[in-house]
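# Per-entry structural report
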Amino acid sequence: MFTSNRGEKTVGVFRHGQERKLEKVRVGGDPNGLAFDPSLNNLLAANVSRPDDPVPVTASIVDVTKNILTADILMPGRTRWAVFDKKAGRFYINIARPSQIVAVVSLDPDGVAASYDIPAMGPHGLDIDTEGRRLFCACDQGVLLTVDLHTRKTSQPSDLSGPPDVIFYNSRRKHLYVASGSPGTIDVFDTGSMKRVQTVKTEEGAHTIGYNSETDKVYSFLPETHRASVFLDE
């Protein structure tokens, strides 16, 4: 399990069965979104910077076998969420401004390998349809887009209930879950039609969700009442 420890510019590594032994690795900025390549044991940390910090924004690659920083790649702007594409061996990273998704090759992370312009403000939540070869990108503008990784074309926008944060793709049910902290909802999209099929009320400020792909359960963390709600996608 991995954690991004923004306050101390490190990532944490908890090994299964050795949870009390936390390893920390310093990265090239304040880590935010994480993505993992299990084939090479590479962890990508998409870093952010404080407004008064003159240091350029980077994405860091950590070898979690050796617990060392192996690369620090310059980013074109403030990063958001990141995902790993096991078919292409690439990481994809949302950039808030300029509105882009950038790709980094896991095997040879010496720079940005490709970029995709996003026609909406503030790419934020990100997930991947590995078999369908497309990315799902939820933007602060309150819209959801897909990006075809073959043609590089973006879809027509689908409206969201509010500014998004975390998103997850359920490849078995072909559903996408999009959390919005305001008004406090989870939008459920049919990824075939890209139509919203349900909106589930959570709580104001509940912008973080978890997803269990084996049980089709979605977990929403509720900050005002200090609870977690569990939803089953049937």
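Structure shown above.
Residues numbered from 1 in each chain as written. Predicted model: local features only at pLDDT ≥ 70, side-chain atom pairs only at ≥ 80, totals over all residues. Heavy atoms only, no water.

### Focus: the side chain of arginine 80
Secondary-structure assignment places arginine 80 in strand 8 (residues 79-85). Among the polar contacts listed, one links the side chain of arginine 80 to the side chain of aspartate 140, at a separation of 2.9 Å. Apart from residues lying up to four places away in sequence, arginine 80 is in contact with Asn32, Gly33, Ala46, Asn94, Ala96, Gly122, Pro123, His124 and Asp140. (Helix = DSSP H or I, 4+ residues; strand = E, 2+ residues; numbered from the N terminus. Polar contact = N/O pair within 3.5 Å; in protein donor to acceptor, adjacent residues only side chain to side chain. Contact = heavy atoms within 4.5 Å.)

### A few points about the environment of isoleucine 128
Tracing the chain through its elements places isoleucine 128 in strand 12 (residues 123-129). For isoleucine 128, a relative accessible area of 8% puts it in the buried group. Once residues within four sequence positions are removed from consideration, isoleucine 128 is found in contact with Val83, Phe84, Asp85, Tyr92, Arg134, Leu135, Phe136, Leu149 and Tyr169. (Buried < 20%, exposed > 50% of the residue type's maximum accessible area, 1.4 Å probe, protein only.)

### As for the environment of histidine 150
Along the chain, the position of histidine 150 falls in the loop between strand 14 (143-148) and strand 15 (158-159). The class of histidine 150 is exposed, set by a relative accessible area of 64%. When the C-alpha positions of histidine 150 and glycine 132 are compared, they lie 10.0 Å apart, and in sequence the two are 18 residues distant.

### Digging into the nonpolar core
Core analysis: the biggest nonpolar cluster contains 17 residues, and Tyr92, Ile101, Tyr116, Ile118, Leu135 and Cys139 have the highest contact counts within it. Looking at this core, the elements with two or more residues in it are strand 10 (100-105), strand 11 (114-117), strand 12, strand 13 (134-139) and strand 14. Aside from chain neighbours lying at most four places away, what touches cysteine 139 is Ile118, Ala120, Met121, Gly122, Pro123, His124, Leu145, Leu160 and Pro164. Counting residues in each nonpolar core, the second largest holds 16 residues, with Ile73, Met75, Ala82 and Phe91 among its members. (Core = buried A, V, L, I, M, F, W, Y, C linked by side-chain atoms within 4.5 Å.)

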